[in-house]
Amino acid sequence: MGNVINLNRFRKRAEREASAKQADANRAKFGRTKAARSAEEKRADQAKEHLDQHRIDHEEQP
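Conventions and cut-offs
- Residues numbered from 1 in each chain as written.
- Predicted model: local features only at pLDDT ≥ 70, side-chain atom pairs only at ≥ 80, totals over all residues.
- Heavy atoms only, no water.
- Helix = DSSP H or I, 4+ residues; strand = E, 2+ residues; numbered from the N terminus.
- Rg over C-alpha atoms; globule rule 2.2 N^0.38 Å.
- Buried < 20%, exposed > 50% of the residue type's maximum accessible area, 1.4 Å probe, protein only.
- Areas by Shrake-Rupley, 256 points an atom, 1.4 Å probe, with all protein chains shown as cover.
- Patch = residues over 30% accessible without salt bridge, like charges linked within 9 Å, V, L, I, M, F, W, Y side chains within 5 Å.
- Salt bridge = Lys/Arg side-chain N within 4 Å of Asp/Glu carboxyl O.
- Lys, Arg positive; Asp, Glu negative; His and termini not counted.
- Charge placed at Lys NZ, Arg CZ, Asp CG, Glu CD.

Going by the annotation in an unreviewed UniProt entry, the name recorded for the protein is DUF4169 family protein, with Bradyrhizobium diversitatis given as the source organism.

1. Describing the overall build of the protein
Within the protein, the regular secondary structure consists of two helices and zero strands. In terms of overall size, the protein is more extended than a compact globule, its C-alpha atoms giving a radius of gyration of 27 Å where 62 residues would be expected to give roughly 11 Å. Each principal axis of the C-alpha atoms in the protein carries an extent, and together these give about 100 × 25 × 10 Å. Burial statistics for the protein: of 62 residues in total, 0% are counted as buried. Summing over all exposed atoms, the protein offers an accessible surface of approximately 6700 Å²; the carbon and sulfur share of this is 52%.

2. Examining a positive patch on the surface
A contiguous patch of positive charge, built from Arg 9, Lys 12, Arg 13 and Arg 16, is present on the exposed surface. Relative to the helices and strands, Lys 12 resides in helix H1 (residues 7-30). The class of Lys 12 is partly exposed, set by a relative accessible area of 44%.

3. A closer look at the pattern of salt bridges
In this structure the tally under the stated criterion is five salt bridges. Residues Arg 27 and Asp 24 are paired through a salt bridge, measuring 2.3 Å at the closest nitrogen-oxygen approach. Separated by three residues within a single helix, Arg 27 and Asp 24 lie in helix H1, roughly one turn from each other. A relative accessible area of 43% places Asp 24 in the partly exposed class.

As C-alpha cells, then:
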C-alpha cells in the first residue's frame, strides 16, 4: 500500500495560488499608487478652484 496523503493541503495550496493570481490582476486593474491618488486629488482641487474663480454671482437687488 502507498502512503496516505491529505489532499486538503493540495486543495488549499491551489486555492491560495488562484487567490494570489486574482489579487495581482485586481492590483493591476484597480490599484493606484499614493502619488497617483494625490496627484489626481490635486488636479481636481485645482479645476474646482479655477471654476469657482470664474463664477458670476448674480445678487438680487431689492
